[in-house]
Amino acid sequence: MTINEFAAEVHKNAVDHGWWDGERTFPEIVALIHSEVSEALEEYRDGKPLLYFPCNAGGVCCEEDGSAHCGSRPYDPENPNARCSAQSKKPEGIAAELADVIIRVLDYCAYAGIDIENVLEVKHEYNKSRPYRHGGKKC
């Protein structure tokens, strides 16, 4: 699947789930993208793992591989790595929030008819031609 095909699939999912029922402005889209970036920062500031699936029973977060011993279920020595039945299916963490950023960008690209594959290639080629730390900025 190409990036543009994936963008079209992402946009179709957003439409199918009602996120495009009304008119959406570009500033609204940018604000939503920014909110996902901010959520990634909060996950980082809270010291959360890159990717995790929280416990819906209020226990300790279950790791992606199911190896954490969740406080909401008793430890089973015969199956110490058993998945917690209360483990959420919703991924959380920095990686999940960054995925949301990309999903929102691709959703808009498909909506606006942007050939994001081409734009990424053009912009990347231009960036390769720029001088080291161009602009003299510190951050």
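Here, the structure is the one placed above.
All figures in this text were calculated on a predicted structure; none of them were measured in a lab.

Caption draft 1: Summary view of the overall build of the protein. Looking only at helices and strands, the protein has four helices and two strands in total. Traced from its N-terminal end to its C-terminal end, the protein shows the element sequence α-α-β-β-α-α. A burial count over the protein gives 26% of its 139 residues as buried. Expressed as a percentage of contacts within the protein between residues at least 6 apart in sequence, the contacts between residues at least 24 apart total 61%. Carbon together with sulfur atoms contributes 57% to the accessible area of the protein, which is approximately 9,900 Å² in total.

Caption draft 2: Main features of the environment of Phe6. With respect to the helices, strands and loops of the structure, Phe6 is situated in helix 1 (residues 3–16). In this structure the C-alpha to C-alpha distance between Phe6 and Leu106, which are 100 residues apart in sequence, comes to 7.9 Å. With residues near it in sequence (within four places) discarded, Phe6 still touches Met1 and Leu106.

Caption draft 3: Expanded view of the pattern of salt bridges. Counted by the stated rule, this structure contains six salt bridges. For Arg24, the salt bridge is made with Glu28, and the minimal N-O distance between the two is 3.4 Å. Among the residues examined, Glu28 registers a relative accessible area of 31% and is labelled partly exposed. Between Arg104 and Glu36 there is a salt bridge, with its nearest N and O atoms 3.2 Å apart. Residue Arg104 is located in helix 3 (residues 94–112), and its partner Glu36 is located in helix 2 (residues 26–45); the two are separated by 68 residues in the primary sequence. Residue classification places Arg104 among the partly exposed positions, given a relative accessible area of 28%. Here Glu36 falls in the buried class, since its relative accessible area comes to 7%.

Caption draft 4: Molecular detail of helix 1. The terminal C-alpha atoms of helix 1 lie 20 Å apart, and with 14 residues this matches the ideal 20 Å at 1.5 Å per residue to within 8%. Of the positions making up helix 1, those classed as buried are Ala7, Val10, His11 and Ala14. On an axial view of helix 1, the arc spanned by its buried residues comes to 100°, and they lie on one face. Looking at the buried positions of helix 1, the neighbouring elements they touch are helix 3.

Reading guide: rules and limits
Residues numbered from 1 in each chain as written. Predicted model: local features only at pLDDT ≥ 70, side-chain atom pairs only at ≥ 80, totals over all residues. Heavy atoms only, no water. Helix = DSSP H or I, 4+ residues; strand = E, 2+ residues; numbered from the N terminus. Buried < 20%, exposed > 50% of the residue type's maximum accessible area, 1.4 Å probe, protein only. Contact = heavy atoms within 4.5 Å. Areas by Shrake-Rupley, 256 points an atom, 1.4 Å probe, with all protein chains shown as cover. Salt bridge = Lys/Arg side-chain N within 4 Å of Asp/Glu carboxyl O. Expected span 1.5 Å × (residues − 1). Arc of directions from axis to C-beta.

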